[in-house]
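# Overview (structure and organization)
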Amino acid sequence: MNQRGGLRRFRAPAPAPEPAPPEVERCELCGTLVDPGHGHVVDLEHRSIMCACRACYLLFTRPEAGRYRAVPDRYLHDPARQLTTAEWEGLGIPVGAVFFLRGADGLAAFYPSPAGATECLLNLETWTELAANHPLLGMVEPEVEAILIRAEQAGVECYLVPIDACYQLVGLVRLHWTGFDGGPEAREAIAGFFAELRSRVRPLEPEG
Ligand SMILES: [Zn+2]
Ligand SMILES: [Zn+2]
């Protein structure tokens, strides 16, 4: 199953009177059937995400594993040191939702758009200053985790998430976006994504 097919289950579920029949998914490394809670590995060579059975997933949990790397399943936030609106505005990012990844080429910022994940300019100096005050930003494991920030009038949300969650958000935006501003369907899908995210995140343990 290709990457988009494998991630289809992440799309915002439409309220249906009957549950949809479960989709058959396979490990993209060995072909074994996997259940809906299966893990993912990143293929660093092709910059893609693959569905993995437990055995294959565990093979790639060590950082020295080479081409493939298991995506961790932690979702963290830091309620004691939240980003302020002023700090967010200091980054100068013109969109309301963005994720930050550390890869072989260093840190990069992307936002979900109807065309997919789109890179945006990042002021590294500002980011470094921000990371000094917000340890969560520095905890991201390269290639497999991201910092996801959403800025709204109500405030700024900042999470450390597995990279597949960002792919999920990108997929939702591509699927539902209409017109200039996304339209109500996209807004609803994005709101649903963040509601689910909020229910999964755990607070960062205080140091010591
Ligand atoms: Zn497998
Ligand atoms: Zn999958």
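Residues numbered from 1 in each chain as written. Chains lettered and ligands numbered in written order. Predicted model: local features only at pLDDT ≥ 70, side-chain atom pairs only at ≥ 80, totals over all residues. Heavy atoms only, no water.

Turning to the pattern of salt bridges, a few remarks are in order. Evaluation of the coordinates by the stated rule reveals nine salt bridges. We note a salt bridge from R47 to E143, for which the minimum N-O separation is 3.5 Å. Taken together, the positions of R47 in the loop between β3 (39–43) and β4 (48–52) and E143 in the loop between α4 (124–133) and β10 (145–152) put the pair 96 residues apart, joining distant regions of the chain. D181 is the partner of R187 in a salt bridge, and the nearest nitrogen-oxygen pair spans 3.5 Å. Residue class for R187 comes out partly exposed when judged on its relative accessible area of 48%. Look at the salt bridges and you will find they share partners, linking R150, E152, E157 and R198 into a network. (Salt bridge = Lys/Arg side-chain N within 4 Å of Asp/Glu carboxyl O. Helix = DSSP H or I, 4+ residues; strand = E, 2+ residues; numbered from the N terminus. Buried < 20%, exposed > 50% of the residue type's maximum accessible area, 1.4 Å probe, protein only.)

F99, L148, V161, F193, F194 and L197 are the most contacted members of the largest nonpolar core, which totals 26 residues. Top contributing element to this core by residue count: helix α5 (residues 163–176), with seven residues. Here F99 is in contact with A108, A109, F110, A117, A146, I147, L148, C166 and V170, once residues within four sequence places are set aside. (Core = buried A, V, L, I, M, F, W, Y, C linked by side-chain atoms within 4.5 Å. Contact = heavy atoms within 4.5 Å.)

This next bit is on the coordination of the zinc ion (ligand 1). Surrounding the zinc ion (ligand 1) are the protein donor atoms C27 (SG), C30 (SG), C53 (SG) and C56 (SG), at 2.3 to 2.4 Å. Every donor counted, the four donor atoms about the zinc ion (ligand 1) form angles of 103 to 117° at the centre, which fits tetrahedral coordination. The sequence pattern formed by the donor residues of the zinc ion (ligand 1) is C-x2-C-x22-C-x2-C. Judged by its relative accessible area of 3%, C27 falls in the buried class. (Donors = N, O, S within 2.8 Å, 3.2 Å for Na, K, Ca; no water. Tetrahedral: all angles 85-135°; square planar, octahedral: opposite > 155°, others 65-115°.)

Before going further, it helps to spend a moment on the environment of L197. Topologically, L197 is positioned in helix α6 (residues 183–200). Each C-alpha atom, one on L197 and one on L76, is 9.7 Å from the other, the two residues being 121 residues apart in sequence.

Here we take up the packing of aromatic side chains. For the coordinates displayed, the defined rule picks out four aromatic pairs. Between F99 and F110, the aromatic rings sit 5.9 Å apart at their centres with planes inclined by 25°, giving stacked as the arrangement. Highlighted residues: F99 in strand β7 (residues 97–103) and F110 in strand β8 (residues 106–113), separated in sequence by eleven residues. Take F99 and F110: they sit in the same class, and that class is buried. (Phe/Tyr/Trp six-rings, centres within 6.5 Å; stacked < 30°, edge-to-face > 60°.)

The next thing to look at is the coordination of the zinc ion (ligand 2). Coordination of the zinc ion (ligand 2) by the protein involves H38 (NE2), H40 (NE2) and C51 (SG), with metal-donor separations of 2.0 to 2.1 Å. Mapping the donors of the zinc ion (ligand 2) onto the primary sequence gives the spacing H-x1-H-x10-C. With a gap of eleven residues between them, H40 in strand β3 and C51 in strand β4 connect regions that are remote in the sequence. Here H40 falls in the buried class, since its relative accessible area comes to 1%.

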